[in-house]
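Close look at the chain arrangement
Chain residues, written in single-letter form:
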Amino acid sequence: MWRDALLVAGKDLRVEARSRVTTNQVAPYALIVLFVFGFAFDQDQYVLTHIGPGLFWVAVLLCTLLAVQRSFSLEAADGARDGLRLSGLDGGGIFLGKAAAIAAQLVALEAVLAFGIVVLFGAHLAHPLLLLTTCALATVGLAAAGTVYGVMSAGLRVRETLLPLLLLPVAAPIVLGATQAWLAAVGLVTGSGWRWLTLLGAFAAMYLTIGVLAFGTLLEEA
Amino acid sequence: MDQVIRLRSAVALVGRFPVLAGVDLDVFGTEIVLLQGANGAGKTSILRACAGLLRVVAGEACVLGVELTEDPRAVRRRVGLLGHATALYDDLTVADNVTFAVRAAGGERSSVRPALDRLGLTGRLPATRVASLSAGQRRRVSLAALVARDPELWLLDEPHAGLDAEHRDLLDGLVRDAVVRGRTVVLASHEHHRAHALAGRIVTVAGGATPPDPAPPGPLPVPGAGAVAAGAVAPGVASEVTSVA
């Protein structure tokens, strides 16, 4: 399974490196989202500082949708999904590989977005260990859930509209937990940020388990 | 001779539509079998079922000793399917695509270069993105992946489509070589002249089934080869009509 995961992740990342969709389209899109929300919420520094972490995770969530759509549209073109099925790769391995590739893209986007909210919104970055752990768990959770719902909608003609409908409500706990952990880390809310990591960790573990166990079957039905 | 494919009253559905409605088919090791029939007759569906991509929901289906009704995934690594689609990634290079196909199927990276050379994918082509290739070149990349994988059972759906005369000859040579190496080939083709000359046996498909033979097999006119008596099974000469629509 691990060998298959590495193979699939390598393939997906190589496709992204060659097509440069993430760097040339998704990253600018993420920054535009920050700009637009910034304008919508006025340019009051106090407001922007407080909503910065929330905007960050909303932008990450929207980028997740694009990354997942892209990941599965690769397999929809010219019978590639049949090629993947015919290769006999382990379903759990394909899931882990695709989720890892999506997570790697999200990490790069999060770096760009973090820079954006610091520069544009004057957001504080304190307690780096807590923030990095939050980012890691939330990214794994988003990538895993996105991959599960991505394959569920992959074979449908309405996949472009169905995926957001499925994923956005499901990912709400991640946005909530990650935002609260960040706000707690920079002292904008009371309480420890670490307790939110339990929610993020549980979410990530749940979708990783579901994905490893069910992805093969879901791919067959897609 | 080992039996490679055994279908008995095989039924397969796409949605609620029976694309296979009682197929009987026997294919033995090192045979080249041609599936012939009109568009929509079920040739592609038979190939996809044999590859474990289309689930057989009723009847018997055994390919390379694997019961497809129980676990169709178990046979996939041992089968190669060249379908209408090329199953290539546009943003990857020719070499990347073939390497991924080979390694995903558990093969060795060292088989990639000889396969590319065999299909004439040399010079700058291995480093070229597939999106930049013509339809014929994409087809050759797909064939290179199949050659590099060298599965036990080759399932070829309109393999000559999109290829020029030179590469059609090359494909025919690859198929004959595969059989010499002990592989088995089932192909569906509307290129009657070439396919008849290549196949050792012909099976007619109609309405998602292989209708029973209404009469004992008789001589089959083969373009360019004259009439051939039934019974002889030699690659290169279509020798038997298993069933007639």
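Above this note sits the structure.
In this report, the structure presented in the accompanying data block is examined. These numbers were taken from a predicted model, which means no experiment stands behind them.

1. Focus on the packing of helix 6 (residues 128-154) of chain A against helix 7 (residues 159-185) of chain A
All names here are of chain A.
- Put simply, helix 6 and helix 7 touch, their axes get as near as 9 Å, and they point 170° apart. Classified by the interaxial angle, the pair formed by helix 6 and helix 7 is roughly antiparallel. In contact with Leu130, Leu131, Thr134, Ala138, Gly141, Leu142, Ala145, Gly146, Tyr149, Gly150, Ser153 and Ala154 of helix 6, helix 7 contributes Arg159, Leu162, Leu163, Leu166, Leu167, Val170, Ala171, Ile174, Ala178, Ala181, Trp182 and Ala185.
- When its residues are assigned to classes, the contact of helix 6 with helix 7 shows 18 nonpolar, five polar and one charged.

2. A look at the interface of chain B and chain A
- Residue-level contacts link 25 residues of chain B with 27 residues of chain A.
- Both sides of the chain B and chain A interface together cover about 2,200 Å² of buried area, and 54% of this is carbon and sulfur.
- Viewed at the interface, chain A and chain B are joined by five salt bridges.
- A salt bridge links B:Arg138 to A:Asp78; its shortest N-O distance comes to 2.8 Å.
- Summed over the shared surface of chain B and chain A, the result is 13 residue pairs in polar contact (both at pLDDT 80 or more).
- Among the secondary structure elements, those contributing two or more residues to the side of chain B that touches chain A are strand 6 (79-82), helix 2 (94-104) and helix 4 (135-149) of chain B.

3. A few points about unusual backbone geometry
- For A:Asp78, which is not glycine, the phi dihedral falls at a positive 50°.
- Mapped onto the fold, A:Asp78 is located in the loop between helix 3 (45-76) and helix 4 (80-86).
- Here the phi dihedral of B:Thr30 falls at roughly 65°; this positive angle occurs in a residue that is not glycine.
- Mapped onto the secondary structure, B:Thr30 falls in the loop between strand 2 (17-28) and strand 3 (32-36).

Rules used throughout
- Residues numbered from 1 in each chain as written.
- Chains lettered and ligands numbered in written order.
- Predicted model: local features only at pLDDT ≥ 70, side-chain atom pairs only at ≥ 80, totals over all residues.
- Heavy atoms only, no water.
- Axes fitted to C-alpha atoms, helices over the stretch in contact; angles between N-to-C directions.
- Helix = DSSP H or I, 4+ residues; strand = E, 2+ residues; numbered from the N terminus.
- Parallel < 35°, antiparallel > 145°, perpendicular 65-115°, else oblique.
- Contact = heavy atoms within 4.5 Å.
- Nonpolar A, V, L, I, M, F, W, Y, C, P; charged D, E, K, R; others polar.
- Buried area = accessible area lost by both parts, 1.4 Å probe.
- Salt bridge = Lys/Arg side-chain N within 4 Å of Asp/Glu carboxyl O.
- Polar contact = N/O pair within 3.5 Å; in protein donor to acceptor, adjacent residues only side chain to side chain.

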